[in-house]
Amino acid sequence: AAGVIQSPRHLIKEKRETATLKCYPIPRHDTVYWYQQGPGQDPQFLISFYEKMQSDKGSIPDRFSAQQFSDYHSELNMSSLELGDSALYFCASSQEGGGSRNEQFFGPGTRLTVL
Amino acid sequence: SQQGEEDPQALSIQEGENATMNCSYKTSINNLQWYRQNSGRGLVHLILIRSNEREKHSGRLRVTLDTSKKSSSLLITASRAADTASYFCATDGRGTGRRALTFGSGTRLQVQP
């Protein structure tokens, strides 16, 4: 079965640079969630999109922005990177329509290292 | 974690033994999900239990949910070395209407061969 695809899998950036992470949800899934997991921590919700519209916002810094495109893939744009942004970034997708159970399936993550 | 704690934080057992992990949460929920994460890798969805369910099975996994105590447990029977991983519970918020997941702090399970 198709899973959530994230690219790149690893990314190394310098402080103050920008980064773009991509997420391709499971086919027919209409909702994408972004989570950040720092070293030794549990995942924290950043932002979500349903049918290409932002549906919820968590602890996402103002330096970050995201969007969902017409093909349902999503991109997380990160600017003015800081050392503390080094983390695993996960994308999850689910099918929201029809009273779904909100079963979220996660991608393999992008490991971002800021030097 | 903002949602709750998992207990124990770390667990070491021998192959063949059962492993029980507990999770507590603070707000009303629609569902509770359990995930496994191998070191530094992706989160693998294990099982979802709805707020109106009390117990659910999937292979060697058994999940219970007690909404009156706001707690859940994950039992892995006949553990294998390959079960070594961190296990997280995650909830969405019925009271807040938030569908994003809030994770517990995780239990690191080590299964000794």
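Presented here is an overview of the structure given in this document.

Cut-off values and rules
- Residues numbered from 1 in each chain as written.
- Chains lettered and ligands numbered in written order.
- Predicted model: local features only at pLDDT ≥ 70, side-chain atom pairs only at ≥ 80, totals over all residues.
- Heavy atoms only, no water.
- Helix = DSSP H or I, 4+ residues; strand = E, 2+ residues; numbered from the N terminus.
- Rg over C-alpha atoms; globule rule 2.2 N^0.38 Å.
- Buried < 20%, exposed > 50% of the residue type's maximum accessible area, 1.4 Å probe, protein only.
- Contact = heavy atoms within 4.5 Å.
- Areas by Shrake-Rupley, 256 points an atom, 1.4 Å probe, with all protein chains shown as cover.
- Pairing = 2+ DSSP bridges.
- Axes fitted to C-alpha atoms, helices over the stretch in contact; angles between N-to-C directions.
- Phe/Tyr/Trp six-rings, centres within 6.5 Å; stacked < 30°, edge-to-face > 60°.
- Disulfide = S-S within 2.5 Å.
- Buried area = accessible area lost by both parts, 1.4 Å probe.
- Salt bridge = Lys/Arg side-chain N within 4 Å of Asp/Glu carboxyl O.
- Polar contact = N/O pair within 3.5 Å; in protein donor to acceptor, adjacent residues only side chain to side chain.
- Nonpolar A, V, L, I, M, F, W, Y, C, P; charged D, E, K, R; others polar.

## So, the overall build of chain B
Point 1. On a plain count of helices and strands, chain B comes out with zero helices and eleven strands.
Point 2. Reading chain B from its N terminus to its C terminus gives the helix and strand order β-β-β-β-β-β-β-β-β-β-β.
Point 3. For 113 residues, the compact-globule formula gives about 13 Å, and the C-alpha radius of gyration of chain B, at 13 Å, lands near that figure.
Point 4. Projected onto its principal axes, the C-alpha positions of chain B cover 45 × 30 × 20 Å.
Point 5. Per-residue burial for chain B yields a buried fraction of 46% across its 113 residues.
Point 6. Long-range contacts, defined as pairs at least 24 residues apart, comprise 55% of the intrachain contacts of chain B with a sequence gap of at least 6.
Point 7. Here chain B displays about 5300 Å² of accessible surface, and carbon together with sulfur accounts for 42% of that area.

## Examining the sheet that holds strand E7 (residues 64–68) of chain A
Residue and element names in this part refer to chain A.
Point 1. Judged by pairing direction, the sheet is antiparallel, and its four strands sit side by side in the order E1-E3-E8-E7 without closing on themselves. Where the open sheet ends on each side, the last strands, each with one partner, are strand E1 (5–7) and E7. Going across the sheet, the axis of each strand differs from the next one's by a mean of 15°, ignoring polarity.
Point 2. Here E7 pairs with strand E8 (residues 74–78) via five bridges, running antiparallel. Residue pairing in the sheet places Gln67 in a bridge with Glu75 of E8.

## Some words on the sheet that holds strand E8 (residues 71–76) of chain B
Residue and element names in this part refer to chain B.
Point 1. The strand order across the open sheet formed by five strands is E1-E3-E8-E7-E6, and the pairing between neighbours is antiparallel. Because the sheet does not close on itself, it has two edges, and the strands there are strand E1 (6–7) and strand E6 (55–58).
Point 2. In terms of strand pairing, E1 meets strand E3 (residues 19–24) through two bridges, oriented antiparallel. Bridge pairing in E3 places Asp7 opposite Asn22.

## Side note on the packing of aromatic side chains
Point 1. In this structure the tally under the stated criterion is eleven aromatic pairs over all chains.
Point 2. Ring geometry for Phe106 of chain A and Tyr35 of chain B: centres 5.1 Å apart, planes at 80°, overall edge-to-face. Remark: Tyr35 of chain B occurs in strand E4 (residues 29–37) and Phe106 of chain A occurs in strand E10 (residues 105–106); the pair is interchain, linking two chains. We note that Phe106 of chain A, like Tyr35 of chain B, is buried.
Point 3. Site record: aromatic cluster; members linked through ring pairs are Tyr33, Tyr35, Phe45, Phe90 and Phe106 of chain A together with Tyr35, Phe88 and Phe103 of chain B.

## What about unusual backbone geometry?
Residue and element names in this part refer to chain A.
Point 1. Of note, the amide linkage connecting Ser7 to Pro8 takes the cis form, showing an omega dihedral of -10°.
Point 2. With respect to the secondary-structure elements, Pro8 resides in the loop between E1 and strand E2 (10–13).
Point 3. In the Ramachandran plot, Glu51 falls in the positive-phi region, its phi being about 50° despite a non-glycine side chain.
Point 4. Take Glu51: it is sitting in the loop between strand E5 (44–50) and strand E6 (53–57).
Point 5. Notably, Lys52 is not glycine yet its phi reads approximately 70°, a positive angle.
Point 6. With respect to the helices, strands and loops of the structure, Lys52 is situated in the loop between E5 and E6.

## Things to note about the state of the cysteines
One way to say it: the disulfide is the covalent bond shared by the sulfur atoms of two cysteines.
Residues and elements named next belong to chain B.
Point 1. This model, assessed by the stated rule, comprises two disulfides over all chains.
Point 2. Covalent S-S linkage joins Cys23 and Cys89, the inter-sulfur distance amounting to 1.9 Å. Looking down the S-S bond of the Cys23 and Cys89 bridge, the torsion is 65°, so its handedness is right-handed. On the criterion of sequence distance, the pair formed by Cys23 in strand E3 and Cys89 in strand E9 (residues 85–93) is long-range, its members being 66 residues apart.

## Section: the interface of chain A and chain B
Point 1. Of the residues lining the interface, 24 residues belong to chain A; the matching set on chain B comes to 23 residues.
Point 2. Taken together, the two surfaces of chain A and chain B that pack against each other cover about 1800 Å², and 47% of this comes from carbon and sulfur.
Point 3. The largest contributions to the chain A side of the interface with chain B come from Asp42, Arg101 and Phe106 of chain A, which together make up 31% of the buried area.
Point 4. One can count zero salt bridges joining chain A with chain B.
Point 5. The tally of links between chain A and chain B comes to five residue pairs in polar contact (both at pLDDT 80 or more).
Point 6. Looking at the side of chain A that touches chain B, the elements with two or more residues in it are strand E4 (31–37), E5, E6, strand E9 (87–94) and E10 of chain A.
Point 7. The element contributing the most residues to the side of chain A that touches chain B is E4 of chain A, with three residues.
Point 8. A class-by-class count of the residues in the side of chain A that touches chain B yields nine nonpolar, eight polar and seven charged.

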